[in-house]
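# Understanding the architecture of this molecule
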Protein chains: 2
Amino acid sequence: MTDNRTAPIGVFDSGVGGLTVVKEIMHQIPNEKVIYFGDTARVPYGSKSKDTITRYSKQIVRFLRTQNVKAIVVACNTASAYALDELSKEIDIPIIGVVKPGAKVAVETTKNGKIGVIGTSGTISSETYTTYMKELNPAIDVRGKACPLFVPLIEEGLWEDPVTDEIVKRYLTDLMDSGIDTLILGCTHYPLIRKTVQRIVGPEVTLVNPAYETARELKALLSSHNLLSDQTSGLGTNIHQFYVSDAAERFQIFANSILKYGILSTKAVNIETY
Amino acid sequence: MTDNRTAPIGVFDSGVGGLTVVKEIMHQIPNEKVIYFGDTARVPYGSKSKDTITRYSKQIVRFLRTQNVKAIVVACNTASAYALDELSKEIDIPIIGVVKPGAKVAVETTKNGKIGVIGTSGTISSETYTTYMKELNPAIDVRGKACPLFVPLIEEGLWEDPVTDEIVKRYLTDLMDSGIDTLILGCTHYPLIRKTVQRIVGPEVTLVNPAYETARELKALLSSHNLLSDQTSGLGTNIHQFYVSDAAERFQIFANSILKYGILSTKAVNIETY
């Protein structure tokens, strides 16, 4: 372990959503190689229990370690909220989730101290965003709202659609009425309907995208551990590797709608054996 | 194995949807005990591959066998479509799925020979309904349509809602235009939005509910094997047992909205170890 700066970064999510984080990593630290794992055989995580999500996350970390990653990004809000603390205790390489970076920027952004968080049922009921933000500023007023239909609507391709407008309005009316000036997109899928959400909440509300903040924090973390790659990588996603637990073609199709460069191949892993 | 008529029937689904089949079993053969398994840790099945669904189904069958069931009902259209043939080869007790009974009744019902099938992506792309119906009558014209948003809308409680109306219209317009007179509700969740679907397709289209037909066929199958229980059971669901792979309270809440009698307790099983 004298010099593993050229080793890849492990990134995982319940499925495709974490690719919005990969996109930011590719943009902000383009010299880094990514090994991505999407748990498509057990997706979604958002409606499942803490115990189950923690067990799944540990299996995935064990798989990523076999790929000799130098750091791990939990690119799933639900897994970050439920499992990151326990994962951190068991691991000797840097590991970060998406919740803490998002929470930090939201607290820095708000002017009136009222912050909304939208996410899966698991992320919202865990209150992890609230906990982190209260640690930074106990006076912050946080309102959470679970939005279980957003992921299915996004995966059905209805990113700009009257039905999505209607569902966004229903979920967000109470948050808007409470006077928030900052809204955290607390699920990695949600940046894909960012425009719709912004239109409905209005320009006075600032949207926080934890994917962007996580890539920034990852860069700082790698730098502080002297782990930033100093090799210029080739362009394109062919230097990165993508693994899924279910070999659905759908992953690749959806991935190619998110990432700038096409994914050439996706390998299947039987994650239950890790 | 001289007399196992009083043994329970094993019923499984990816989650809660199969409870619509349990409801029909309780109604049509009330003396039978049911052991239900809902794979809530890995739900949904509808968007996953044949290999994964077959592996999951085999694990569940192994679990149900430890409960000494006398027969098994695959109360999930996707698992029936993908895995039933392989499960049947490996098992020495009666096993039935929901697809064949639904297909049989649809062929008996249609007058103009044009039948629609709605279900998950997996059920529709497997074309299992089509295969069974063509075996019964090669002249039948079958149109399938995957409806990935129905399950999330139903699980969000929008059984009667303008948004559900709109999505039903979008998914079913092409089927309606093709002149079908019979429509199979090819996912165990769909009977819960039966009224909305019927209103939108109009009274001239007959809806087929495989849950109902499966309970009928199960009764005949048990009878032919001399396995029908001759003991009068107590009323209520307390004689039945419910297992899930993820101990979400949500299962019990949703279950109690489907079944007539409340479920007293649900036990968690780590299904990956079977």
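Numbering of residues starts from 1 in every chain and runs along the sequence as written. Labels follow written order: the first chain is A, the first ligand is 1, and so on. This being a predicted model, a pLDDT of at least 70 is required before a residue's local features are given, and a value of 80 or more before pairs of side-chain atoms are given or counted; all residues contribute to the totals for chains, interfaces and linings. The side-chain values count all of the structure's non-hydrogen atoms but skip hydrogen atoms and water molecules.

This next bit is on the sheet that holds strand β2 (residues 34–38) of chain B. Residues and elements named next belong to chain B. With parallel pairing, the six strands of this open sheet are ordered in space as β4-β3-β1-β2-β9-β10. Each edge of the open sheet carries a strand with a single partner, namely β4 (95–97) and β10 (266–268). If you compare each strand with its neighbour and ignore which way they point, the axes differ by 20° on average. Two strands form a pair only when DSSP identifies at least two bridges running between them. Strands here mean DSSP runs of E at least two residues long; helices mean DSSP runs of H or I at least four residues long; both are numbered from the N terminus. By the bridge criterion, four bridges tie β2 to strand β9 (residues 241–244) in an arrangement that is parallel. Each residue of the ladder has a partner; that of Ile35, found in β9, is Gln241. An axis is simply a line fitted to the C-alpha atoms; with a helix, the fit covers only the stretch in contact. Between two such axes, the angle follows the N-to-C directions and lies from 0 to 180 degrees.

Our focus in this paragraph is the packing of aromatic side chains. The rule is short: rings of Phe, Tyr and Trp, with Trp giving its six-membered ring, pair when the centres are within 6.5 Å, and they are stacked under 30 degrees, edge-to-face over 60, tilted in between. Here the structure, examined in full by the defined rule, presents 18 aromatic pairs over all chains. Aromatic pair Phe37 of chain B and Phe63 of chain B: ring centres 5.5 Å apart, planes at 55°, arrangement tilted. Residue Phe37 of chain B is located in strand β2, and its partner Phe63 of chain B is located in helix α2 (residues 50–65); the two are separated by 26 residues in the primary sequence. A single burial state applies to Phe37 of chain B and to Phe63 of chain B, both of which are buried. The interplanar angle of 80° and the centroid separation of 5.3 Å between the aromatic rings of Phe63 of chain B and Tyr274 of chain B together place this pair among those described as edge-to-face. Here Tyr274 of chain B lies in the segment after β10 and Phe63 of chain B lies in helix α2, a separation of 211 residues in the sequence. Pairwise contacts between aromatic rings join Phe37, Phe63, Tyr243 and Tyr274 of chain A into one cluster. Here, a charge over a ring means that NZ of Lys or CZ of Arg falls within 6 Å of the ring centre while also lying within 35 degrees of the ring normal. Just above the ring of Tyr56 of chain A sits the side chain of Arg42 of chain A; from NZ or CZ to the centre is 3.7 Å. For each residue, the accessible area found with a 1.4 Å probe, counting protein chains only, is set against the maximum for its type, and the residue is called buried under 20%, exposed over 50%, and partly exposed in between.

An α-helical segment advances 3.6 residues per turn. Residues three or four places apart therefore align on the same side. Residues and elements named next belong to chain B. Multiply 1.5 Å by the residue count of a helix minus one, and that product is the helix's expected span. Under the 1.5 Å per step criterion, the end-to-end length of α2 is 22 Å for 16 residues, consistent within 8% with the ideal 22 Å. Thr52, Ile53, Thr54, Tyr56, Ser57, Lys58, Gln59, Ile60, Val61, Phe63 and Leu64 are the residues of α2 that are buried. For this analysis, residues touch if any pair of their heavy atoms sits within 4.5 Å. Those residues of α2 that are buried are in contact with β1 (9–13), β2, β3 (71–74), α3 (77–89) and β9.

The working definition used for a salt bridge is a side-chain nitrogen of Lys or Arg within 4 Å of a carboxyl oxygen of Asp or Glu. Evaluation of the coordinates by the stated rule reveals 28 salt bridges over all chains. The partner of Glu108 of chain A in a salt bridge is Lys104 of chain A, and the shortest N-O contact between them spans 3.7 Å. Residue Glu108 of chain A and its partner Lys104 of chain A are both found in helix α4 (residues 99–109); the two are separated by four residues, about one turn of the helix. Judged by relative accessible area, which is 39%, Lys104 of chain A ranks as partly exposed. The salt bridge involving Arg170 of chain B is made with Asp161 of chain A; its shortest N-O contact spans 2.7 Å. Taken as a pair, Arg170 of chain B in helix α8 (residues 162–177) and Asp161 of chain A in the loop between α7 (150–155) and α8 (162–177) lie in two separate chains rather than in one. Residue Arg170 of chain B is classed as partly exposed on the basis of its relative accessible area, which comes to 34%. Since its relative accessible area comes to 13%, Asp161 of chain A is described here as buried. When salt bridges with common partners are traced through the structure, they connect Asp39 and Arg42 of chain A together with Glu272 of chain B into a single cluster.

A few words now on the environment of Ser229 of chain B. Residues and elements named next belong to chain B. Note on placement: Ser229 falls in the loop between α10 (210–224) and β9. On the accessibility criterion, Ser229 (13% relative accessible area) is buried. Residues Ser229 and Pro30 lie 199 residues apart in sequence; the distance between their C-alpha atoms is 9.2 Å. Contacts of Ser229, omitting those with residues within four sequence positions, involve Arg5, Asn31, Glu32 and Lys70.

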